[in-house]
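Listed here are the chains, written in short residue letters.
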Amino acid sequence: MNLIASADKNWAIGKDNKLLVRVPEDMKFFRRMTTGKVVVMGRKTLESFPNQAPLPNRVNIVLTRDRAYRKEGVVLVHDMEELGEELKKYPDGDIFVIGGESIYRQLLDDCDTAYITRWDFAYDADAHLPNLDEREDWKLAEKGEEQTCFDLIYSFDRYERV
């Protein structure tokens, strides 16, 4: 299973249920990596999308404890056991965990690869990823080429479980 996220230099990923920054190349990278695949997210992440609509051309699996919650176009699961059963239907390499913070934390140990867009900036944030650079079970496998958008520097990095 894969994890895909956008994180600043302090591993922050969001504020007020929104991304910290929106850069067209990052959005294209996300689409390229996840289109035609399975995306796993929490309910609040789904609700942060435009019109709270599922991502097109993907299987959208939403983990929520709210058993009364209904949303057209998504597969709803209510606990980790249900999620595990649902994920058995798909090839492991086709599954991408896309957030938010609690979903990343719950599923990080089930992931083998993490695609992280790293921003060379520290934002005011209220949601963070675990710092993969400090974890002994993860290593930076590929440091992406430095990119810029106006004055913002970033790279597309790939981490692998050791």
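Here is a short report on the structure shown in this document.

Quick word on unusual backbone geometry
In this model, Gly99 is joined to Gly100 through a cis peptide bond whose omega is 0°. Here Asn57, not a glycine, exhibits a phi torsion of approximately 60°, which is positive. Looking at the secondary structure, you find Asn57 in the loop between helix H2 (43-48) and strand E5 (59-63). With a relative accessible area of 61%, Asn57 lands in the exposed category. Not every positive phi belongs to a glycine, and Phe150 is a case in point at roughly 55°. If you trace the backbone, Phe150 turns up in the loop between strand E11 (147-149) and strand E12 (152-161). A residue is classified by how much of its surface remains accessible, and Phe150, at 83% relative accessible area, is exposed.

Focus: the pattern of salt bridges
In this structure the tally under the stated criterion is 18 salt bridges. Notably, a salt bridge pairs Asp79 with Arg67, separated by 3.7 Å at the nearest N-O pair. Residue Asp79 is found in the loop between strand E6 (75-77) and helix H3 (80-87), and its partner Arg67 is found in the loop between E5 and E6; the two are separated by 12 residues along the sequence. Across the pair Asp109 and Arg161 runs a salt bridge, and its minimum N-O distance is 3.9 Å. Here the residue Asp109 occupies a position in the loop between helix H4 (101-107) and strand E8 (113-119), and Arg161 occupies one in strand E12, the gap between them amounting to 52 residues.

Examining the packing of aromatic side chains
All chains considered together, the criterion is met by six aromatic pairs. Between Trp11 and Tyr159, the ring centres sit 5.7 Å apart and the planes meet at 65°, which makes this aromatic pair edge-to-face. Of this pair, Trp11 sits in the loop between strand E1 (2-7) and strand E2 (12-15) while Tyr159 sits in strand E12; the two residues are 148 residues apart in sequence, bridging distant segments of the chain. Assigned by exposure class, Trp11 and Tyr159 land together as buried. Considering the side-chain rings of Phe29 and Phe156, the 4.5 Å spacing of their centres and the 25° angle between planes classify their relative orientation as stacked.

Examining the side chain of Asn2
Residue placement: Asn2 occurs in strand E1. According to the relative accessible area criterion, Asn2 is buried, its value standing at 7%. Reaching out from Asn2, the side chain makes a polar contact with the backbone oxygen of Gly93 at a distance of 2.9 Å. Sequence-distant contacts of Asn2, defined by excluding residues within four places in its chain, comprise Asp92, Gly93, Ile95, Phe96, Val97, Cys111, Thr113 and Tyr115.

Some remarks on the sheet that holds strand E3 (residues 18-19)
Read across the open sheet, the three strands follow the order E3-E2-E9; overall the sheet is antiparallel. Two strands lie at the open edges of the sheet, namely E3 and strand E9 (127-128), each paired on one side alone. Looking at chain direction, E2 and E3 are connected through two bridges and run antiparallel. Paired with Lys15 across the two strands is Lys18, which belongs to E3.

Some details on the nonpolar core
Counting 27 residues, the largest nonpolar core has Leu3, Val40, Leu87, Ile116, Leu129 and Leu132 as the members making the most contacts within it. Elements with a minimum of two residues in this core: E1, strand E4 (38-42), E5, H3, strand E7 (95-99), H4 and E8. Look past the residues within four positions of Ile116 in its chain and what remains in contact with it is Leu3, Ala5, Ala7, Trp11, Leu129, Leu132, Ser155, Phe156, Asp157 and Tyr159. Val21, Val62, Tyr115 and Phe156 belong to the second largest nonpolar core, which has 21 residues in total.

Scoring rules and cut-offs
Residues numbered from 1 in each chain as written. Predicted model: local features only at pLDDT ≥ 70, side-chain atom pairs only at ≥ 80, totals over all residues. Heavy atoms only, no water. Helix = DSSP H or I, 4+ residues; strand = E, 2+ residues; numbered from the N terminus. Buried < 20%, exposed > 50% of the residue type's maximum accessible area, 1.4 Å probe, protein only. Salt bridge = Lys/Arg side-chain N within 4 Å of Asp/Glu carboxyl O. Phe/Tyr/Trp six-rings, centres within 6.5 Å; stacked < 30°, edge-to-face > 60°. Polar contact = N/O pair within 3.5 Å; in protein donor to acceptor, adjacent residues only side chain to side chain. Contact = heavy atoms within 4.5 Å. Pairing = 2+ DSSP bridges. Core = buried A, V, L, I, M, F, W, Y, C linked by side-chain atoms within 4.5 Å.

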